[in-house]
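Here's the letter readout for the chains.
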Amino acid sequence: MIGGGLNAFIREWMILFLFIFLLVICSIFIPSFASTNNILNVFRQVSFLAIVALGEFFVILTGQMDMSIGSMVGMASCFLAGFVVNSGMNIWLAGAIALLMVITFGVINGVLTVYGKMPSFIVTLVTMNVIKGINYIYSRGLPISGLPRGFNELGMGHVLGIPVPVIMMLIVTVVLRVYTTQTPMGRSFFAVGGNHEASRLSGINTNLVGISAFVLSAIMSFIGAIGLTARTMSGVANLGDNMLFDVMTVVVLGGTALSGGRGKVVGVMLAAMLLGVITNAMVLLGINTYWQWIVKGIILVAVVLIDSNTQKENS
Amino acid sequence: MSETSRTPLLEIKDCTMKFPGVIALSGVSFSLLPGECHALVGENGAGKSTLAKCITGEYRMTEGSLFRAGEEVDLSSYSVSKSQHQGIAIVHQEFQLMEDLTSLENIFIGHYERKGLFIDWKAQKEKADELMEFLQCSINLTIPVKYLRTAEKQIVQLAKAIILDAEVVILDELTAVLQEKDIENIFRIINILKKKGIGLIYVSHRLDEVFEICDSYTVLCDGKHIKSGRVSEIDKPKLIEMIIGRELSSDLYPAFDGPIGDTILEVKNLTSKDTFKNVNLKVAAGEVVGIAGLVGAGKTELVNAIFGSYPVTNGEIYIKGKKTEIRNPMDAIRHKIGLVPDERKLLGLNMMYDVRNNTTLPSWKKFKKYRIFSDHKAEIEKAFEYNEKLKLKYRSLYQKVLNLSGGNQQKVVIAKWMLADSEIFLFDEPTRGIDVGAKFEIYKQIKELTNAGKAVIIVSPELEELIGLAHRIYIMFEGEIKDEVSGERKTQEVIINSLLGVN
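Residues numbered from 1 in each chain as written. Chains lettered and ligands numbered in written order. Predicted model: local features only at pLDDT ≥ 70, side-chain atom pairs only at ≥ 80, totals over all residues. Heavy atoms only, no water.

A.B. asks: Before we go on, may I ask you to explain the packing of helix H4 (residues 69-85) of chain A against helix H5 (residues 91-114) of chain A in this structure?
C.D. replies: The packing of two helices is summarised by the inter-axis angle and the distance between the axes. All names here are of chain A. Put simply, H4 and H5 touch, their axes get as near as 8 Å, and they point 150° apart. With respect to their mutual orientation, H4 and H5 come out roughly antiparallel. Note that H4 runs across H5; the crossing there is right-handed. Contact with H4, carried on its side by Met72, Met75, Ala76, Phe79, Leu80, Phe83 and Val84, involves Ile91, Ala94, Gly95, Ile97, Ala98, Met101, Val102, Phe105, Gly106 and Asn109 of H5 and no other residues of that element. Among the residues making up the contact of H4 with H5, the classes are represented as 14 nonpolar, 3 polar and no charged. (Axes fitted to C-alpha atoms, helices over the stretch in contact; angles between N-to-C directions. Helix = DSSP H or I, 4+ residues; strand = E, 2+ residues; numbered from the N terminus. Parallel < 35°, antiparallel > 145°, perpendicular 65-115°, else oblique. Left-handed = near helix turned anticlockwise from the far one by under 90°. Contact = heavy atoms within 4.5 Å. Nonpolar A, V, L, I, M, F, W, Y, C, P; charged D, E, K, R; others polar.)

A.B. asks: What is the right way to look at the interface of chain A and chain B in this model?
C.D. replies: The figure often quoted for interface size is the accessible area lost as the parts come together. Facing 25 residues of chain A, the contacting portion of chain B comprises 31 residues. Between chain A and chain B, the buried area comes to about 2,200 Å², and carbon and sulfur atoms account for 60% of it. At the junction of chain A and chain B, the tally comes to 1 salt bridge. Among the salt bridges present, the one from Glu379 of chain B reaches Arg187 of chain A, with a minimum N-O distance of 2.8 Å. Inspection of the region where chain A meets chain B yields 10 residue pairs in polar contact (both at pLDDT 80 or more). If you tally residues by element for the side of chain A that touches chain B, the top one is helix H9 (residues 184-194) of chain A, at 6 residues. (Buried area = accessible area lost by both parts, 1.4 Å probe. Salt bridge = Lys/Arg side-chain N within 4 Å of Asp/Glu carboxyl O. Polar contact = N/O pair within 3.5 Å; in protein donor to acceptor, adjacent residues only side chain to side chain.)

A.B. asks: So what exactly am I meant to see when it comes to the packing of H5 of chain A against helix H6 (residues 120-139) of chain A here?
C.D. replies: Residues and elements named next belong to chain A. Where H5 meets H6, the closest approach of the two axes is 9 Å, and the angle between their N-to-C directions is 155°. Our classification of the angle between H5 and H6 gives roughly antiparallel. The hand of the H5/H6 crossing is right-handed. Residues Phe105, Ile108, Asn109, Leu112 and Thr113 of H5 form the contact with H6, whose own contacting residues are Ser120, Val123, Thr124, Thr127, Val130, Ile131 and Ile134. Counted by class, the contact of H5 with H6 contains 7 nonpolar, 5 polar and no charged residues.

A.B. asks: Would you mind showing me how to read the state of the cysteines here?
C.D. replies: Structurally, a disulfide amounts to a covalent bond that connects the sulfur atoms of two cysteines. Residues and elements named next belong to chain B. On inspection of all chains with the given rule, the structure shows 0 disulfides over all chains. Cys15 takes part in no disulfide bond, and the closest cysteine sulfur, belonging to Cys54, lies 4.2 Å away. Counting only cysteine sulfurs, Cys37 is the nearest neighbor of Cys214, a cysteine outside any disulfide, at a range of 3.7 Å. (Disulfide = S-S within 2.5 Å.)

A.B. asks: Whenever I open this one, the sheet that holds strand E17 (residues 322-324) of chain B confuses me. Can you help?
C.D. replies: Through backbone hydrogen bonds, the strands of a sheet pair up, either in parallel or in antiparallel fashion. Residue and element names in this part refer to chain B. Taken in spatial order, the 4 strands of this open sheet run E14-E13-E16-E17, and their pairing is antiparallel. Of all strands in the sheet, those bounded by a partner on one side alone are strand E14 (276-284) and E17. Between one strand axis and the next, the sheet turns through 20° on average, direction left out of account. (Pairing = 2+ DSSP bridges.)

Below, the structure is given as structure tokens:
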């Protein structure tokens, strides 16, 4: 056990206890909450968010920021659908090309940040708008429908009673958890975020790590986009436009330090579930969307406030 | 006037400071007379900084009392701003200046001279000029601080501290980052302040300075008050003995008498635009080579260039006779070179990480199972083995390096390169900000390395250290190697002459 005993254990896994606590509270006080159907639906909804957030997680971990994830989700969605519907491509080939496209922008984000020494905030703000422009030019702002019916299974199907997107989220979480804790490359993200120069002088390929973070972010956006597109069965240019706020909330709520170097894959996934439960509870209580935005804003401020102050204590 | 009849500017009685689980100070008492420079000495972690913080009000002492000019200070409401009003100021080792503001602005920040609603720049300028004249310094106060030299920044910090008519000034490791020539200047200023009747508390690791500038001393060891007295009544070996709490075995530097093998590293005509040119040097197995030079001579840049972390425009590096391309630290580590950098906290360690991950960082790829996964168990075992070998004082491998003392942090950096199987060790100011006891252990470790057939290059601003450790010393002056001394020519005198470009 890591030094500090029970106290440290509780602090490390605060998010898990918070999640369980909230589940219990909602089950007791909101009658319609505790049905299997509702809970599975909540988890299905947040699984897309969780997957995209796990990509942003790597970028934040290295001390950078990726604003372009929403546009990348849109790009993957409308190009995948467009290639299949308009160009009659095989769905696998269409997926591969769409993936390549978002990865290209991930590499551009990474190269401009790492070699161009530009602030990632600016770089990704620019690519966010560029990608958005490309999406709208290609789709003319219209949803592209007509995807093969079987594709819908990815978004709405079940395996052994569990929604497919939830299974996707669990697989992504397990793979990334193993990657970040059990492989030298995965561990390097923490090292680079914690102290870039010391890591470089210890032989870590900091440039590769920096670019990889943006590429991972792009890949996760793609996977999330696949699920979302399969659910709505159409390619939509602005599919991810409102995601950035929730993604940032989830990454920080999951215990990731905004200054980089500290965070947990499982924490981010749990945070997505937590946010999903909160949103669902608000919907069931009849709180409208605009109030939900305000509540979520307060949550984000509170979490960052706690994060900044615990960091002060640590140093 | 006899000394006893003067009222001390500051008096501390039985100061005890407890933190949860730790007693940082217990029963410390001393007094500071007007015009006196009082040295506060002890190893890292002995409680010097804590004591200084108790005096400035940053910490509130748990027990004890504080008297300012004979009057007892109410400790229950004591704070940093109260201590400033009482005329107590501190000058920190680290720069606490706003780099983009001018010195003038920096000096007056927080207590501007005003004319109605506005800042009275003219009055500020006059007051600052007056102060500079008093300190007999000429610094351009109207350019941003970032353009000043390190030594000038220190003086601006000092000016900022005393502009409020401070009577008690604490100098916390002021000279740690300065060169000899600049230290002379600081001493001159200290003497001016002393003459004015200001009392100074001088925190330093450099014991020679204590004997040069201080009148009285207080030794702390593990938070306990060992002794206070007059500097004139004590000598250096006795002081060291008190500081480390035991008798120092005859010599600080171990005898380097092991066999010297074949040349491992040879550098030919190494040039980097503007910083150094045509550098030739070599180092053999079991040999310690020193590099001496003033600030700006290019020493740090040179060792970084060998390590691949500073750009090289020309020249060759040979390792065991084979020409080797070193483009980045990854290449260097592959060729078994390790760098112990000068800025331990910024470059040597990841302060947020624990001991184990800092020790194993360059070697992560070596410990693998099933070809792709990290072998955590093997890593932990090796990290334990090497840190034990270096006699690291730590609670656990999972302790953050942030909580280790400077000397122990440096040991982690050395352990890191031993674990990475380095054969060539580059030390850039390995004992900067480290106390005598830890220095001794690092010297011993360097000897162990040479016994094991490793090649060592050391850069240090302390000539005594280089003379004590190195078989040969290269002397750099303005980016070029001017001289190489060994044997009988390895003396302070010869080196200083070369350093300054004489002959």
